[in-house]
Amino acid sequence: MSAGDKRDRALEKKRRYLRLLEGFPVKLIATKAKGRHLVASKPLEPGTTVIHETASAYAILKSYIDELCYTCLHPLPEAPPSSDTNSSSTPFGPTRHSQFKKQFECQNCRSQIYYCSPECRTKDAPRHSLECDILKDLPGTAAANSVDYGLMRLVLAILVRRAMDGNEDLKEEANGNTSHRPPTPYTCVKDLLSHKSSSKPSWLSAVEAGAEDLAFQLSPSLSTSVDEIVTLSCQINSNSHGIRDPLGNTNADIAVGLFPLVAMLNHSCLPNCAYVGVGHGQMLVRTLREVEEGEELCVSYVDLY
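Thresholds, definitions, all that
- Residues numbered from 1 in each chain as written.
- Predicted model: local features only at pLDDT ≥ 70, side-chain atom pairs only at ≥ 80, totals over all residues.
- Heavy atoms only, no water.
- Helix = DSSP H or I, 4+ residues; strand = E, 2+ residues; numbered from the N terminus.
- Buried < 20%, exposed > 50% of the residue type's maximum accessible area, 1.4 Å probe, protein only.
- Contact = heavy atoms within 4.5 Å.
- Areas by Shrake-Rupley, 256 points an atom, 1.4 Å probe, with all protein chains shown as cover.
- Pairing = 2+ DSSP bridges.
- Axes fitted to C-alpha atoms, helices over the stretch in contact; angles between N-to-C directions.
- Salt bridge = Lys/Arg side-chain N within 4 Å of Asp/Glu carboxyl O.
- Core = buried A, V, L, I, M, F, W, Y, C linked by side-chain atoms within 4.5 Å.
- Patch = residues over 30% accessible without salt bridge, like charges linked within 9 Å, V, L, I, M, F, W, Y side chains within 5 Å.
- Lys, Arg positive; Asp, Glu negative; His and termini not counted.
- Charge placed at Lys NZ, Arg CZ, Asp CG, Glu CD.
- Phe/Tyr/Trp six-rings, centres within 6.5 Å; stacked < 30°, edge-to-face > 60°.
- Lys NZ or Arg CZ within 6 Å of the ring centre and 35° of its normal.
- Parallel < 35°, antiparallel > 145°, perpendicular 65-115°, else oblique.
- Left-handed = near helix turned anticlockwise from the far one by under 90°.
- Nonpolar A, V, L, I, M, F, W, Y, C, P; charged D, E, K, R; others polar.

A. Examining the overall build of the protein more closely. What the protein contains, in helices and strands, is eight helices and ten strands. Each of the 305 residues in the protein was classed as buried or not, and the buried ones make up 45%. Considering only intrachain contacts with a sequence separation of at least 6, the fraction spanning at least 24 residues in the protein is 65%. Working note: accessible area of the protein is about 15800 Å², and carbon and sulfur atoms make up 51% of it.

The structure is reproduced here in structure tokens:
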């Protein structure tokens, strides 16, 4: 690749991020010491939203698959009261009838995905059609290779995002609705650091074995190499974020997602910003205090307590 080609690609990448960050009070900076990071483009008041991002892809954690709608991440409707079972007022209890649940699940992929309404099912249909046949065998593939199911589920979801981004008919648009931002494109996922060299050899070995099985099962539209699946797994391991229940019914993470824009925020033990989870696989980042123009925007990667 010539120097001119490299320069053109760098300019196109810069324009891409400028478009994605348009409307937010942030400026993208890149230095050798800190890599890519965000600073305030103007003085900010506490509670200012600095990033509002829809995940490139996300995966509901295995323990919540049959409790949550994949599209909006809200709890599935409660089973009606029955005289032969104990009812529960909690939305995440094991009390729903299996027959009642069947009307919310995709039965083709063996109960790997559920929807709370026909509207959510219809909205997700173009995306889910690309992964449905592969999902049937994913739990077995993960278990056979001692790989985390959530990791493999998210790898598959990101490959689906790549396929959708490459198909003009499947691209998701905001249509002027600022509350619904289209998912961050796969091209931004490619820019994330993988830190593959610092991964544990035993973990890498298991991921490579799982990647071989998954690569064999992929359809032509999702086809990719084993090396690319391993790299993507490392990118997820280094950059993914937990998604909290937007309704506050549980304090645990209910899903894991890849948010390339949010991932550009560095860590601080005295952060000036915080994550705010919302529905539909979206995440906000808001300021915790007043922030000066040019000040780096940071979050905490760990529980400060």
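B. Highlighting the sheet that holds strand β9 (residues 282-287). Strand order in the open sheet made by the three strands is β3-β9-β8, with antiparallel pairing throughout. Bordering the open sheet on either side are β3 (49-54) and β8 (273-278), each of which pairs with just one other strand. The sheet shows a mean angle of 20 degrees between the axes of neighbouring strands, taken without regard to direction. Bridge analysis of β3 against β9 gives five bridges, and the strand direction is antiparallel. In the strand pairing of β9, Ile 51 is matched with Val 285.

C. View of the pattern of salt bridges. Under the counting rule described, the total for this entry stands at ten salt bridges. With its nearest N and O atoms 3.7 Å apart, the salt bridge here joins Asp 165 to Arg 161. Of this pair, Asp 165 and Arg 161 both sit in helix α5 (residues 149-165), four residues apart, which is roughly one turn of that helix. A salt bridge links Glu 295 to Arg 289; the shortest N-O distance between them is 2.7 Å. Among the ionic contacts, a cluster of salt bridges with common partners joins Glu 12, Arg 15 and Arg 19.

D. Quick look at the pairing of strand β4 (residues 57-60). Burial of β4 is two-sided: the residues Ala 57 and Ala 59 facing one way and the residues Tyr 58 and Ile 60 facing the other way are all buried. With four bridges connecting them, β4 and strand β6 (residues 253-258) associate as antiparallel partners. Looking at β6, one finds that Ala 57 is bridged to Leu 258.

E. The nonpolar core, seen in detail. Ranked by size, the top nonpolar core spans 83 residues in total, and within it Ile 158 and Leu 297 carry the most contacts. Those residues in contact with Ile 158 that lie beyond four places of it in its chain are Ala 57, Tyr 186, Val 189, Leu 232, Ile 236 and Leu 258.

F. A negative patch on the surface, seen in detail. On the surface, Glu 208, Glu 212, Asp 213, Asp 227 and Glu 228 cluster together into a patch of negative charge. If you list the elements that add at least two residues to the negative patch, you get α7 (201-217) and α8 (226-239). Structurally, Glu 228 can be placed in helix α8. Among the residues examined, Glu 228 registers a relative accessible area of 45% and is labelled partly exposed.

G. Focus on the packing of aromatic side chains. Tallied over the full model, the rule gives one aromatic pair. Between the aromatic rings of Tyr 58 and Tyr 70, the centroid separation amounts to 5.0 Å while the plane-to-plane angle is 20 degrees, which identifies the pairing as stacked. With Tyr 58 in strand β4 and Tyr 70 in the loop between β4 and α2 (98-102), this residue pair connects regions lying twelve residues apart in the sequence. The ring of Tyr 149 has Lys 62 lying over it, and the distance from NZ or CZ to the ring centre is 5.4 Å. The positively charged end of Arg 162 is found above the aromatic ring belonging to Tyr 186, 6.0 Å away from the centroid.

H. Inspection of the packing of α7 against α8 at higher detail. Interaxial distance between α7 and α8 falls to 9 Å at its minimum, and their mutual angle equals 130 degrees. One finds that α7 runs oblique with respect to α8. Note that α7 runs across α8; the crossing there is right-handed. Within the contact between the two elements, α7 uses Trp 203, Leu 204, Val 207, Glu 208, Ala 211, Glu 212, Leu 214 and Ala 215 and α8 uses Val 226, Ile 229, Val 230, Ser 233, Cys 234 and Asn 237. When grouped by side-chain class, the residues that make up the contact of α7 with α8 number ten nonpolar, two polar and two charged.

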